[in-house]
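# A closer look at the structure
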Amino acid sequence: MKTLVIGLDGATWRFLDPLLDEGSLPNIQSLLDSGVKGNLQSTTPPLTPPAWTSISTGVSPGTHGVHDFLELNRETYQLSPTTYSKMTRPAIWDLFEREGHSIGVVNFPMAYPPRKVGSFFVSGPPIHESENIGHPPKVNDILESVNYRVDPERRPSDGVEAFYNEIQSLTESQLQATLQLMEQYNPELLWTVFMGIDRIQHYLWDEQIDGENAVEQFYKYMDTAVGSLIQAASDDVTVCVLSDHGARRIEKRVNVNTLLSEWGYLEQAKPGLTSSLKQALVNNVWSAATSFPRPVKSFIREKTPTEAIARFRSKTTASTRSLSKFVDWEQTEAFAVGNGGGVFVHGQDFEHGPVPDSGYEELRDELISEFTDVKDPETGEPIFEEATRTEELYPTVNERTPDITLQPKEWKYTAGVELEDERLQEPGDRVADHEPTGVFILSGDEIRGSSITCDAVDITPTLLYLHDLPTVETMEGEIRSEIFTEAVTDDRQRRTIPVFSPEHQEGSMNEEKVEERLQNLGYL
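The shown structure was predicted, so the numbers you read here are calculated from the model rather than taken from an experiment.

### Brief notes about the pairing of strand β2 (residues 35-41)
Two strands pair when backbone bridges link them, and β2 and strand β21 (residues 437-443) are joined in this way by seven bridges, in the antiparallel orientation. The residue of β21 that forms the bridge with valine 36 is leucine 442. Sheet analysis places β2 next to strand β22 (residues 451-455), joined by five bridges and oriented parallel. In the sheet register, leucine 40 faces β22, and the bridge partner there is cysteine 454.

Listed below in structure tokens is the structure:
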């Protein structure tokens, strides 16, 4: 093996730096002692699906087309799980295969069906492990032998320790699977992604286990996992540790569709009196239930079928998945979809879009002005740092790209799309969320320098260069050759090949299970 890439979804220097200073992360410290430390700038917004996809392809979301866990059908207004089957740009594993080099991948988000690479490929979240997630088929035997799981079955409402132990247990299963696959296949590049840090940070940011912060405790566990992978690799391996985004404690949740409704751009469907009374009752019951202590929530979860909770939740407010039935589409000029609160102008490219092409830019200007002017009534500060025409963020856009991308102030607000009574709410159980600054570490005999700031789209071009492989001429990222020794740069030539469409494997997923997973993890 030449290169080992360890993805730590959501890892942030906010926790790493203090733990490194006190000597609690010896394995990560050993990488820094002989390598480069830096920041990785995520996509905007900094969400797992577009960020990991940009990292693996070297292009921005407007080019590769993956913006969220779900994608919107402009004819039916329905949302369905996003997969790589609609990708129009090759990922790093496609390039390795094309050039006859071996690559193995474990738990890569959104990459389903598993790619038919020469070594092995294990699809990552949000796919359910009951699907065929491994290639070749015998990989699934290894996964079964270690009780491999993709996402936790326990929820934060089951209690701090129960949720923490579940995350650590499934992470250990992923580690053991990676170690076995590494030993059996020994690919030239191995890329494995662990989601545990992100899960723990979202819900346990302030929680204690045995007198220690739960997040810090989990970082220490991940340091031992990194050590196990390094020890199993060859002595001369180059190790890259990176995260797709960072994280921080959030203060409030802003409901973007509520704002659009207040401003008159989104028209809510008008139910009859009986429906309104039922809806009010359901909303009040759910609101009361969400304020219950964790032990009470856990008891309710244990006694109530999961599908019943999901059905009840879907009837409370208009969420990402159920927005369609709450909106009068023919009277709606703009709406938001997705975890980042991406705003769509409801124009002629939608089945019921009332906005004429001639009014598109004028409406966008109005919306941008509204979003940049809106303030937190408690502090008087703007809620959004920027509301940006998305084509100003990305070199290209596609039909799945929102018309306006919102950037909350200092990322201390998180943008949601629920239609609630109030525009701002407390964050609830999900107390931390993403920010753009992630982690980048590269260590090995061929690495020099001490610090760097790189973009998500720089990772794949740089790794291809390290392996003396060509990049695709349409890649938007840069080869960061300044971090390599002269022995590497004197031996490499920058080569490009024309863009090609990856060969897509056939495969279907159980959409209900995927949506249930996303709801349990707070993404729906």
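### Notes on the pattern of salt bridges
Following the criterion strictly, the structure yields 27 salt bridges and no others. One salt bridge connects arginine 199 with aspartate 151, and the closest N-O pair in it is separated by 2.6 Å. Within this pair, whereas arginine 199 is found in helix α8 (residues 196-204), its partner aspartate 151 is found in the loop between α6 (139-145) and α7 (160-185), the two being separated by 48 residues in sequence. Judged by relative accessible area, which is 6%, arginine 199 ranks as buried. Relative accessible area serves as the criterion here: at 1%, aspartate 151 is assigned to the buried category. Between aspartate 206 and arginine 249 there is a salt bridge; the shortest N-O distance is 2.6 Å. Note that aspartate 206 is positioned in the loop between α8 and β9 (208-209) and arginine 249 in strand β12 (residues 246-249), a separation of 43 residues in sequence. Its relative accessible area of 43% is what places aspartate 206 among the partly exposed residues. Each of Glu361, Arg364, Asp365, Arg389, Glu391 and Glu392 takes part in salt bridges that share partners, so that together they form one network.

### Structural notes on the nonpolar core
Leu4, Ile6 and Tyr148 are the most contacted members of the largest nonpolar core, which totals 63 residues. Residue contributions to this core peak at eleven residues, all from α7. Discounting residues that sit within four places of it in the chain, leucine 4 has contacts with Met182, Leu190, Leu229, Ile230, Val237, Thr238, Val239 and Cys240. Grouped together as the second largest cluster of nonpolar side chains are 47 residues, Phe108, Ala111, Cys454 and Leu463 included.

Calculation criteria
- Residues numbered from 1 in each chain as written.
- Predicted model: local features only at pLDDT ≥ 70, side-chain atom pairs only at ≥ 80, totals over all residues.
- Heavy atoms only, no water.
- Pairing = 2+ DSSP bridges.
- Helix = DSSP H or I, 4+ residues; strand = E, 2+ residues; numbered from the N terminus.
- Salt bridge = Lys/Arg side-chain N within 4 Å of Asp/Glu carboxyl O.
- Buried < 20%, exposed > 50% of the residue type's maximum accessible area, 1.4 Å probe, protein only.
- Core = buried A, V, L, I, M, F, W, Y, C linked by side-chain atoms within 4.5 Å.
- Contact = heavy atoms within 4.5 Å.

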